[in-house]
Amino acid sequence: MNRKQLYKARALLRNIRSPFVAIFGLILPNSYFSVISTKEIYSGPLKQVCVPGLNCHACPTAMMACPMGMIQQFAAVHKFPFAVAGFLGIIGIVFGRSVCGWLCPFGWVQDQIYRIKSKKFKIPTYLKYGKYFSLVILALILPYFTEANWFSRICPWGTLIAGVPWVIWNPVNPMNALPVIEPGSVGWLYVMKVSILVIFLALFVFTRRPFCRTLCPLGAIYSQFNKISFMRLEVTGKCVGCDMCVDLCPVEISVADDPNSPDCIRCLNCTLCNNVHVRWGPTLESGSKQIVAASSKG
Amino acid sequence: MHRIAMYLHSNAFKTGLMLLFAASLILGVLAGELTLIRIGSSAL
């Protein structure tokens, strides 16, 4: 398969992924359309369930909870989130970081904006540690000591689907005849949130998935499972090192060197190359790149 | 190191980890964490 055919196949894969993300990542968890009449966010029994990807529960139409919001909430009340940890762990051990590639609507938004024609830049590799900082400091330590959800306060996806829509819409609450967002309540924190969102939206044009790679704490959790998940990628011994997989990869990983890198979002673009395969279970072919990478790093 | 890598990729290790997470999920549900999630998501 030549480069042109591969790019065509990648577009086809993107066309399969897009409706999948839209239905399961965006529409199903955000289908509380009664908000138009109630003017209040849903707080029924489905809010007890977390979605696997980022999904702001303050979004006007949100039906389900956000795992990162819950982890922060549990840290703030000094409890270990057994249910959320178990839920994320099961998904991670089976699929690795596939949620980032196949379910997260914010990842999908980044992919779409990156398609705008412009000069493109690579993100310095040391910035990938930012997501671990975000997880440990913003989502665990600060909420634990300050009882405030610091990551949620700056989360650009939350700002895009919750903060901005509420402020623009600002309906009158039928219960008390007052606007939902009281006058004067939009302050410096909101300005900071929107500024972070604008900066990221601009970055999406020039770099591939900057949020997923540098700031997403949920990605930091799932990334720990890539090396040990049942689902994994393998490169056959026939790989000639043409770096086609790097071109196809939305997070610029050298798949041939480390097919199960923690940064891999399992979008499966690289499997369009005949030498990269998805495999399930423990089987390791002797001489495959996966076993070489695992043992040299181990 | 190679042995550790092999063990991390073994079915036994992955299955054990999955059972551990399943136990965590069940424990959380039985402890009433789902209610806390709902209250938390309303409070946020």
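Residues numbered from 1 in each chain as written. Chains lettered and ligands numbered in written order. Predicted model: local features only at pLDDT ≥ 70, side-chain atom pairs only at ≥ 80, totals over all residues.

Time to look at the environment of leucine 178 of chain A. All names here are of chain A. Positionally, leucine 178 belongs in strand β2 (residues 178–179). For leucine 178, a count of 10 C-beta atoms within 10 Å corresponds to the exposed category. Setting aside anything within four residues of it in sequence, one finds leucine 178 in contact with Val172 and Asn173. (Helix = DSSP H or I, 4+ residues; strand = E, 2+ residues; numbered from the N terminus. Buried ≥ 20, exposed ≤ 12 C-beta atoms within 10 Å, placed from the backbone. Contact = placed C-beta atoms within 7 Å.)

To continue, consider the packing of helix α9 (residues 156–169) of chain A against helix α10 (residues 188–206) of chain A. All names here are of chain A. With their axes 8 Å apart at the nearest point, α9 and α10 run at an angle of 110° to one another. Taken as axis vectors, α9 and α10 run roughly perpendicular relative to one another. In the packing of α9 onto α10, the handedness of the crossing is left-handed. When α9 is examined against α10, the residues Pro156, Thr159, Leu160 and Gly163 are found in contact with a partner set consisting of Tyr190, Lys193, Val194, Ile196, Leu197 and Phe200. Of the residues belonging to the contact of α9 with α10, the class tally is seven nonpolar, two polar and one charged. (Axes fitted to C-alpha atoms, helices over the stretch in contact; angles between N-to-C directions. Parallel < 35°, antiparallel > 145°, perpendicular 65-115°, else oblique. Left-handed = near helix turned anticlockwise from the far one by under 90°. Nonpolar A, V, L, I, M, F, W, Y, C, P; charged D, E, K, R; others polar.)

Let's shift gears to the interface of chain A and chain B. Contact residues are listed per partner, giving 30 residues for chain A and 28 residues for chain B. Elements with a minimum of two residues in the side of chain A that touches chain B: α3 (67–76), α4 (82–95) and α14 (289–297) of chain A. Of the residues forming the side of chain A that touches chain B, the biggest block, eight residues, is contributed by α4 of chain A. Its residues placed into classes, the side of chain A that touches chain B shows 16 nonpolar, twelve polar and two charged.

The next thing to look at is unusual backbone geometry. Residue and element names in this part refer to chain A. The residue lysine 39 is not glycine, and still its phi comes out positive at about 65°. One can find lysine 39 in the loop between α2 (35–38) and α3. Judged by local crowding, lysine 39 falls into the partly exposed class, with 17 C-beta atoms found within 10 Å. The backbone of asparagine 170 sits at a positive phi, close to 35°, despite the residue not being glycine. For asparagine 170, the location among the structural elements is in the loop between α9 and β1 (172–173).

Attention now moves to the confidence of the model for chain B. All names here are of chain B. For chain B, the average pLDDT comes to 82, and 89% of its residues sit at 70 or higher. The weakest mean pLDDT in chain B belongs to helix α3 (residues 33–43) at 73; the strongest belongs to helix α2 (residues 11–30) at 91. This prediction of the complex comes with two scores: 0.88 for pTM and 0.85 for ipTM. (pLDDT = per-residue confidence, 0-100.)

Residues and elements named next belong to chain A. Given a rise of 1.5 Å per residue, 14 residues ought to cover 20 Å, and the 18 Å separating the end C-alpha atoms of α9 matches this to within 8%. Most pronounced at glycine 163, the bend in α9 amounts to some 30°, and the proline proline 165 follows within four residues. For α9, the set of buried residues is Pro156, Trp157, Gly158, Thr159, Leu160, Ile161, Ala162 and Gly163. On the buried face of α9, the contacting elements are α6 (105–114), α8 (150–154), α10 and α11 (210–214). Positive backbone phi, at 35°, marks asparagine 170, one or two positions downstream of α9. (Expected span 1.5 Å × (residues − 1). Bend = angle between axes of the 7 residues up to and from the residue.)

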